[in-house]
Amino acid sequence: MAKRRVPPPALAPASGLTSNPFAALADRRDVAPEGEAPAVPEAAAQPVAPRGPARAIVRYERAGRGGKEATVVERLGLSTADAQTWCRELKRQLGCGGGVEGEDLVFAGDQRTRLARLLDARGVARITVS
C-alpha cells in the first residue's frame with residue numbers, strides 16, 4: 001500500500017514568512033561598505049607553472065613479478081616523503097594499485113601513456129617512455 005503525499009502548507013505573505021531567505025536584504029543591495037577594494041596579492045595574480053623533477057623514465061615490465069604487469073617510474077630523484085605523496089596521488093588519478101620500491105614508483109598494469117600525461121602535468125621536464 002503506497003503512502004499518500006501531502007503537499008506542504010503554503011506560506012502566507014501576510015505572516016512575513018517567504019520562501020526566499022534573502023528577500024529582507026533586497027533593500028540593502030545598493031549599499032556598499034566604505035573604503036577601498038582589497039588589493040590582490042601579486043603571487044595570486046600570476047599563476048606559477050608547477051616545477052617537478054628534471055626527468056623520469058617510464059617503463060613496462062613483467063619479468064620477476066609472477067606474470068603480473070607493472071609500470072615503473074624511475075629516476076625522479078624525489079625524497080622518500082615526496083615519493084610516497086606522488087605515488088598516493090598518482091594512484092588516485094590512475095585508479096590502480098601501486099607502491100614505492102626504493103626510489104622507483106611502481107603501478108599495477110600498463111599505465112605508460114596515462115602516466116606520461118600525468119607526469120607532464122606535474123612539471124617533469126623530460127619523460128622517456130619505453
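Just above, that's the structure.
Along each chain, numbering runs from 1 in the same order as the chain's sequence is written. Local features in this predicted model are restricted to residues of pLDDT 70 or higher, and side-chain atom pairs are both shown and tallied only at a pLDDT of 80 or more, whereas totals for entire chains, interfaces and linings draw on every residue. In computing side-chain properties, one takes all heavy atoms of the structure into account and sets aside hydrogens as well as water.

Another point: the pairing of strand β3 (residues 98–101). We call two strands paired when DSSP finds no fewer than two bridges between them. Runs of H or I in DSSP of at least four residues are treated as helices and runs of E of at least two as strands, each being numbered from the N terminus. By the bridge criterion, 4 bridges tie β3 to strand β4 (residues 104–108) in an arrangement that is antiparallel. What sits directly across from G99, in β4, is V106. Between β3 and β4, which pair antiparallel and follow one another directly, the connecting turn spans 2 residues, one of which, G102, has a positive phi of 70 degrees.

Turning to the side chain of Q111, a few remarks are in order. Secondary-structure assignment places Q111 in the loop between β4 and α3 (112–121). Any pair of residues with heavy atoms lying within 4.5 Å of one another is described as a contacting pair. Every residue in contact with Q111, bar those within four places of it in the chain, is listed here: T71, L94 and C96.

For the rest of this paragraph, the subject is the pattern of salt bridges. Any two side chains of opposite charge can pair, so long as their charged atoms come close to each other. Every case where a carboxyl oxygen of Asp or Glu lies within 4 Å of a side-chain nitrogen of Lys or Arg is listed as a salt bridge. Under the criterion given, the structure shown has 6 salt bridges. Between E89 and R122 there is a salt bridge, with its nearest N and O atoms 2.3 Å apart. Taken together, the residues E89 in helix α2 (residues 80–94) and R122 in the loop between α3 and β5 (126–129) connect sequence positions 33 residues apart. A relative accessible area of 30% places E89 in the partly exposed class. Type-normalised accessible area, obtained with a 1.4 Å probe on protein chains alone, sets the label of each residue: buried when under 20%, exposed when over 50%, and partly exposed for intermediate values. With relative accessibility at 18%, the residue R122 sits in the buried group.

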